[in-house]
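# Observations on the three-dimensional arrangement
This is what each chain is made of:
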Amino acid sequence: MSSGVCTVAVDVGNTAVKLALREGDQVVDHTIKHDHSHWHLEAIHWVQTVVACQETRWRISSVHRHAAETLIEAIENEVDASTIDCITFDDVPIEVAVDSPSKLGIDRLLSAFAASRLVPLQSRRSGMAVVDAGSAITVDWINHAGHFCGGAILPGLSLQSRALAMGTDALPEILWNTDRPLRLPATNTNDAIHGGILIGVAGAIDSLVSRYFSGQDEPLTSPGIVILTGGDANTLSPHLQSPHQTHAHLVCRGLLELPVSQ
Ligand SMILES: Nc1ncnc2c1ncn2[C@@H]1O[C@H](COP(=O)(O)OP(=O)(O)OP(=O)(O)O)[C@@H](O)[C@H]1O
Ligand SMILES: CC(C)(CO)[C@@H](O)C(=O)NCCC(=O)O
Ligand SMILES: [K+]
């Protein structure tokens, strides 16, 4: 695609960098882990192979300072005619009801913003929950007025299995990119870790979400809306009891939908 001004959304997470840009009516995206050298050049190269732009506007949200600094330096050195906006809570048009908005992970606010755009306020009878299952899992609450009210943070699936392996002599680190079936009660170590973490996390999410909904003034007349995103969304989805919708790359979608600043 060739274009005048292109906006590239970049969600710098703790494990990976997610990139997205609009191509006509479609959003194309790409994920690159930032644990190897040259990942930043790979990211820039991906953008340059998808679009040829006279000017590139990078909208960056980051919860990982070092990775963000590496990418910004690479863009400044490698890409002509680019502007870089590092997004903060002030740029996101949603009321923030937490103790210190500047300390809130910007990914939490952007996925909440994107989730609110998916389900407009008028069609919601109550608040909604947004679950982002990445390196850390966040289970957040947007109230009936559309305000971001905070939520809960727990270790993600990979971090939990890494912590078990590091803190014990006999337990291996299990991998999550296999189609291991759930076997409970488990009759071997790997299945026991898999089932314990998976059902533990799914149960925690269900329990948190149900607390948020039951804390509301008005009793629910229909199931509350729960939006699920993040690298482990598809692994967790079959094990959640709360009805939910899964959407990929919500943070990037939030970035692309931010009102344009001049
Ligand atoms: N190919 C993959 N490589 C690494 N992790 C993967 C992969 N596929 C799925 N995952 C899972 O995705 C999770 C990381 O999710 P995600 O990419 O959303 O995290 P992240 O980059 O840390 O972002 P965030 O900071 O928003 O949590 C890991 O727990 C891992 O189990
Ligand atoms: C919780 C994570 C790690 C999720 O990516 C991120 O949003 C973050 O670093 N947050 C800062 C602390 C907070 O949101 O309260
Ligand atoms: K996240």
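Note that the structure is predicted; figures quoted are calculated from it, not measured. (Residues numbered from 1 in each chain as written. Chains lettered and ligands numbered in written order. Predicted model: local features only at pLDDT ≥ 70, side-chain atom pairs only at ≥ 80, totals over all residues. Heavy atoms only, no water.)

## Quick notes on the site of ligand 1
- In the vicinity of ligand 1, 16 residues are found, and the nearest of them are Ala16, Lys18, Ser135, Ser158 and Asp232.
- Contact between ligand 1 and Ala16: an oxygen atom at 2.8 Å from a main-chain N or O atom of the residue.
- About the coverage of ligand 1: the protein hides 76% of its 630 Å² of free accessible area.
- Residue composition of the shell around ligand 1, grouped by class: 4 nonpolar, 8 polar and 4 charged.
- In this structure, the shell around ligand 1 is formed jointly by two domains, domain 1 (2-86) and domain 2 (90-255), each of which donates at least three residues. (Near = heavy atom within 4 Å. Polar contact = N/O pair within 3.5 Å; in protein donor to acceptor, adjacent residues only side chain to side chain. Areas by Shrake-Rupley, 256 points an atom, 1.4 Å probe, with all protein chains shown as cover. Nonpolar A, V, L, I, M, F, W, Y, C, P; charged D, E, K, R; others polar. Domains from an automatic or database assignment.)

## Details of the site of ligand 2
- Looking at ligand 2, the residues that line it are Asn14, Val63, Lys103, Leu104, Gly105, Asp107, Arg108, Ala136, Thr138 and Ile153.
- Between ligand 2 and Gly105, the relevant distance is 2.8 Å, taken from an oxygen atom to a main-chain nitrogen or oxygen of the residue.
- A distance of 2.8 Å separates an oxygen atom of ligand 2 from a polar atom in the side chain of Arg108.
- Considered on its own, ligand 2 offers 380 Å² of accessible surface; in the complex 70% of this is hidden by protein.
- Those elements that place two or more of their residues in the shell around ligand 2 are helix 3 (106-118) and strand 7 (136-142). (Helix = DSSP H or I, 4+ residues; strand = E, 2+ residues; numbered from the N terminus.)

## Quick look at the pairing of strand 7
- Summarising burial for strand 7: 6 of the 7 residues are buried, a large majority.
- Of the strand pairs in this sheet, strand 6 (residues 128-133) and strand 7 are connected by 6 bridges, and their pairing is antiparallel. Bridge pairing links Val131 to Val139 in strand 7.
- Hairpin connection, strand 6 to strand 7: the antiparallel pair is bridged by 2 residues.
- Sheet topology places strand 7 next to strand 8 (residues 148-155); 6 bridges connect them, and they run antiparallel. Each bridged residue has a counterpart across the sheet, and for Asp140 the counterpart in strand 8 is Gly151. (Buried < 20%, exposed > 50% of the residue type's maximum accessible area, 1.4 Å probe, protein only. Pairing = 2+ DSSP bridges.)

## A closer look at the domain arrangement of the protein chain
- By the assigned domains, the protein chain splits into domain 1 (2-86) and domain 2 (90-255).
- The C-alpha centroid of domain 2 is placed 25 Å from the C-alpha centroid of domain 1.
- Domain 1 puts 16 residues into the contact, and the matching count from domain 2 is 11 residues.
- Of the roughly 1000 Å² buried between domain 1 and domain 2 on both sides combined, carbon and sulfur atoms contribute 61%.
- For the pair domain 1 and domain 2, the number of links is 1 salt bridge.
- Note that Arg253 and Asp29 form a salt bridge whose closest N and O atoms lie 2.9 Å from each other. (Contact = heavy atoms within 4.5 Å. Buried area = accessible area lost by both parts, 1.4 Å probe. Salt bridge = Lys/Arg side-chain N within 4 Å of Asp/Glu carboxyl O.)

## A look at the sheet that holds strand 7
- Across the sheet, 5 strands lie side by side as 8-7-6-9-10; this open sheet has mixed pairing. Strand pairing shows two members of the sheet lacking a second neighbour, strand 8 and strand 10 (245-246), which therefore form its edges.
- The strands that helix 3 touches are strand 6, strand 7, strand 8 and strand 9 (225-229); relative to strand 8, the one it contacts most, it runs at about 120°.
- Across the sheet, helix 5 (residues 189-214) lies against strand 6, strand 7, strand 8 and strand 9, angled at about 15° from strand 7, the strand it touches most. (Axes fitted to C-alpha atoms, helices over the stretch in contact; angles between N-to-C directions.)

## Remarks on the nonpolar core
- With 26 residues, the main nonpolar core has Ile137, Val139, Val201, Ile205 and Leu236 as its most contacted residues.
- For this core, the elements supplying multiple residues, two or more each, are strand 6, strand 7, strand 8, helix 5, strand 9 and helix 6 (233-236).
- At 10 residues, the largest contribution of residues to this core is made by helix 5.
- In this structure Val139 touches Val130, Val131, Gly150, Gly151, Ala152, Leu154, Ile205, Leu208, Val209 and Tyr212, once residues within four positions along its chain are discounted.
- Formed by 25 residues, the second largest nonpolar core is a distinct cluster that contains Ile94, Phe113, Val130 and Val251. (Core = buried A, V, L, I, M, F, W, Y, C linked by side-chain atoms within 4.5 Å.)

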